[in-house]
Amino acid sequence: IENLEELLTAIVQFEDIDESPTIVGFLETITLDSEMESDDGPREEVSLMTIHGSKGLEYSYVFVVGVEETIFPSFQSMDDGEQGMEEERRLFYVAMTRAMKKLFITFAQGRMLWGQVRFNPPSRFLDEIPEEYYEWFSVSKGGHSAQKTGPSRKNNSDFDFSDEYSQDSNYNEYESTNFIQRTSERPKSKFPQGSCVNHKLYGEGTIIETDGIGDDEKVVIKFRDGARKKFLVRFAPLELINE
């Protein structure tokens, strides 16, 4: 079932980037080229592998991606209790020690996973790395630049690590610095203040604050249990409730 959900994810992504998506075009993009180059000389290439497959190997530079709760550690390991968590921790150590010169550990604030957009917090394993051994960088939208934001996540104000699905982060990367207002008519908010909404994870709530427009629109929602959370509308799984 998870494989089918990943197929759905690939289809959705293909539809987003192709102006006239067809099944033939989709199949062409996922068809693997079985032809191998016969050149035995050195080539610049990237080895993509699982952590289990990396045991016994070393590389100058290693990227460990998807270091997020429910991914690394996985859902399954969380269900297995401390024993499962300890095995995931050993795997994380294996991944880290594959790097000889430099190690990059990355996570996303939001990703499409199994056909749904999910907002997983950073992995708990990041808390276990001594601060003196790493530097913290925040990558701007599109991944074109990175800015050093602090020596560790504990004193980094760019992200809120205290709340398991919070999007209350630094939204500066989404702000338009060269915005030109072409008309005097202000676009209407998709979720105006006072609206009742339903969040797939948190349930029903009321919008008490709004900020920005279009893709930059952000809202603060007060949920029935009293919790207040901030969301970027274009990523949040929100639905308006008609009263």
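Note that the structure is a prediction, hence the values are computed from the model and not measured.

Chemist: An account of the nonpolar core is requested, with residue identities and associated values reported.
Modeler: Core analysis: the largest hydrophobic core is formed by 14 residues, its most contacted members being Val64, Val67, Phe72, Phe92, Phe125, Leu126 and Ile129. Secondary structure elements with two or more residues in this core: strand 1 (59-64) and helix 4 (81-96). Ranked by residue count, the leading element in this core is helix 4, at four residues. Residue contacts for phenylalanine 125: discarding those within four places in its chain leaves Phe72, Pro73, Met85, Glu88, Arg89 and Phe92. Of all hydrophobic cores here, the second largest spans ten residues; its members include Val197, Ile207, Phe231 and Leu238.

Chemist: Describe the pattern of salt bridges, with residues and values.
Modeler: For the structure shown, the criterion picks out seven salt bridges. Residue arginine 124 is joined to glutamate 69 by a salt bridge in which the shortest nitrogen-to-oxygen separation is 2.5 Å. Of this pair, arginine 124 sits in the loop between strand 4 (116-118) and strand 5 (136-139) while glutamate 69 is found in the loop between strand 1 and helix 3 (75-79), placing the two residues 55 residues apart along the sequence. As a salt-bridge pair, arginine 89 and glutamate 82 come within 3.9 Å of each other at their nearest N and O atoms. Note on arginine 89: relative accessible area 23%, which makes it partly exposed. Here the salt bridges share partners, and the residues they tie into one network are Glu82, Glu86, Arg89 and Glu128.

Chemist: So what about the sheet that holds strand 7 (residues 196-199)? Which residues, and what values?
Modeler: Taken together, five strands build an open sheet; the order of strands is 10-9-8-7-11 and the sheet is antiparallel. Sheet topology places strand 10 (228-232) and strand 11 (238-240) at the edges, where each strand pairs with a single neighbour. Put simply, the sheet's adjacent strands are angled 40 degrees from each other on average, direction ignored. With four bridges joining them, strand 7 and strand 8 (residues 203-211) adopt antiparallel strand pairing. Looking at strand 8, one finds that cysteine 196 is bridged to threonine 206.

Chemist: I'd like a description of the environment of alanine 10, backed by residues and values.
Modeler: For alanine 10, the location among the structural elements is in helix 1 (residues 2-17). When its relative accessible area of 25% is taken as the criterion, alanine 10 is described as partly exposed. When the C-alpha atoms of alanine 10 and tryptophan 114 are compared, they prove to be 9.6 Å apart, with 104 residues separating the residues in sequence.

Chemist: Go over the layout of surface pockets, please, and point to the residues and values.
Modeler: Considered as a void within the structure, the second largest pocket measures approximately 1,000 Å³ in volume. Met49, Thr50, Ile51, Phe63 and Val65 are the residues nearest the centre of the second largest pocket, which is lined by 31 residues in total. Secondary structure elements with two or more residues in the lining of the second largest pocket: strand 1, helix 3, helix 4 and strand 3 (111-113). Of the residues forming the lining of the second largest pocket, the biggest block, six residues, is contributed by strand 1. Partitioning the lining of the second largest pocket into residue classes produces 17 nonpolar, nine polar and five charged.

Chemist: Which residues make up the packing of aromatic side chains, and what values do they have?
Modeler: This model, assessed by the stated rule, comprises nine aromatic pairs. Both rings, one in phenylalanine 72 and one in phenylalanine 125, keep their centres 5.9 Å apart while their planes meet at 85 degrees; by these two values the pair is edge-to-face. Taken together, the residues phenylalanine 72 in the loop between strand 1 and helix 3 and phenylalanine 125 in the loop between strand 4 and strand 5 connect sequence positions 53 residues apart. Following the ring pairs from residue to residue traces out a cluster consisting of Phe72, Phe92 and Phe125.

Chemist: Give me the lowdown on a nonpolar patch on the surface, citing residues and values where you can.
Modeler: A cluster of nonpolar side chains, Ile23, Val24, Leu27 and Ile30, forms an exposed patch at the surface whose accessible area comes to about 380 Å². Residue position: isoleucine 30 is located in helix 2 (residues 23-30). The partly exposed category is assigned to isoleucine 30, whose relative accessible area is 43%.

Chemist: Can you lay out helix 4 for me, pointing to particular residues and giving the numbers?
Modeler: With 16 residues, helix 4 extends 23 Å from end C-alpha to end C-alpha; this agrees with the ideal 22 Å at 1.5 Å per step. Within helix 4, the full set of buried residues consists of Gly84, Met85, Glu88, Leu91, Phe92, Val94 and Ala95. Buried residues along helix 4 sit against strand 1, helix 3 and strand 2 (99-105).

Definitions and limits used
Residues numbered from 1 in each chain as written. Predicted model: local features only at pLDDT ≥ 70, side-chain atom pairs only at ≥ 80, totals over all residues. Heavy atoms only, no water. Core = buried A, V, L, I, M, F, W, Y, C linked by side-chain atoms within 4.5 Å. Buried < 20%, exposed > 50% of the residue type's maximum accessible area, 1.4 Å probe, protein only. Helix = DSSP H or I, 4+ residues; strand = E, 2+ residues; numbered from the N terminus. Contact = heavy atoms within 4.5 Å. Salt bridge = Lys/Arg side-chain N within 4 Å of Asp/Glu carboxyl O. Pairing = 2+ DSSP bridges. Axes fitted to C-alpha atoms, helices over the stretch in contact; angles between N-to-C directions. 1 Å grid on protein atoms, 1.4 Å probe; cavity = no way out; pocket = protein on both sides within 12 Å on 5 of 7 lines; lining within 4 Å. Points joined across faces, edges and corners; volume = space filled by probe spheres on them. Nonpolar A, V, L, I, M, F, W, Y, C, P; charged D, E, K, R; others polar. Phe/Tyr/Trp six-rings, centres within 6.5 Å; stacked < 30°, edge-to-face > 60°. Patch = residues over 30% accessible without salt bridge, like charges linked within 9 Å, V, L, I, M, F, W, Y side chains within 5 Å. Areas by Shrake-Rupley, 256 points an atom, 1.4 Å probe, with all protein chains shown as cover. Expected span 1.5 Å × (residues − 1).

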